[in-house]
Amino acid sequence: MNWGYVSAFWTTVVMNCAQPANWEVCLPIHEWMVPAAYDYIQFKTEASYAKEKQLLRSLRLDDRQ
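Residues numbered from 1 in each chain as written. Predicted model: local features only at pLDDT ≥ 70, side-chain atom pairs only at ≥ 80, totals over all residues. Heavy atoms only, no water.

**Description of the overall build of the protein chain**
Heads up, the rule is: Secondary structure follows DSSP: runs of H or I at least 4 residues long count as helices, runs of E at least 2 residues long count as strands, and numbering of each begins at the N terminus. The cut-offs for exposure are 20% and 50% of the maximum accessible area for each residue type, with area from a 1.4 Å probe on protein chains only; residues under the lower value are buried, those over the upper are exposed, and the others partly exposed. Surface exposure here means Shrake-Rupley accessible area, sampled with a 1.4 Å probe, where a residue is shielded only by the protein chains that are shown.
In terms of helices and strands, the protein chain carries four helices and zero strands. Seen in sequence order, the protein chain has helices and strands lined up from the N terminus as α-α-α-α. In the protein chain, which comprises 65 residues, the share counted as buried stands at 8%. Summing over all exposed atoms, the protein chain offers an accessible surface of approximately 6000 Å²; the carbon and sulfur share of this is 64%.

In structure tokens form, the structure reads like this:
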């Protein structure tokens, strides 16, 4: 995970959920955080580009990333 994701999460989720007007929507965290985390993991591991990236890395002769 890079700092871009952390920064985006902080500015969109944490800062918006800190406002009392949004507590009703943000409070049931199990309704939105768990599905979002699952989608992120699935996207990073099962997306076609991720499989292609793994294949290309396995074909490299050196250990460079």
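**A few points about a positive patch on the surface**
Threshold: Note that patches include only residues with greater than 30% relative accessible area and no salt bridge, and the join distances are 9 Å for like charges and 5 Å for nonpolar side chains (Val, Leu, Ile, Met, Phe, Trp, Tyr). We define a salt bridge as a contact between a side-chain nitrogen of Lys or Arg and a carboxyl oxygen of Asp or Glu at a distance within 4 Å. Positive: Lys, Arg. Negative: Asp, Glu. His and the chain ends are not part of the count. Every charge is mapped onto a representative atom, which is NZ of Lys, CZ of Arg, CG of Asp or CD of Glu.
Together, Lys44, Lys53, Arg57 and Arg60 make up a region of like positive charge exposed at the surface. Here Lys53 is to be found in helix 4 (residues 48-59).

**Some points on the packing of aromatic side chains**
To keep things clear, this is the line we draw: Two rings belonging to Phe, Tyr or Trp (six-membered ring only in the last case) form a pair when the distance between their centres is within 6.5 Å. Interplanar angles under 30 degrees mark stacking, angles over 60 mark edge-to-face geometry, and anything in between is tilted.
Considering all chains together, one arrives at one aromatic pair under this definition. Their ring planes at 75° and their centres at 5.6 Å tell us that Tyr5 and Tyr40 sit as a pair that is edge-to-face. Taken as a pair, Tyr5 in helix 1 (residues 3-17) and Tyr40 in helix 3 (residues 29-46) lie far apart in primary sequence, 35 residues in all. Using a relative accessible area of 28% as the deciding quantity, one classes Tyr40 as partly exposed.

**Here's the deal with a nonpolar patch on the surface**
On the surface, a cluster of nonpolar side chains totalling about 320 Å² of accessible area is made up of Leu55, Leu56 and Leu59. Tracing the sequence through the fold places Leu55 in helix 4.

Geometry only, nothing functional implied.
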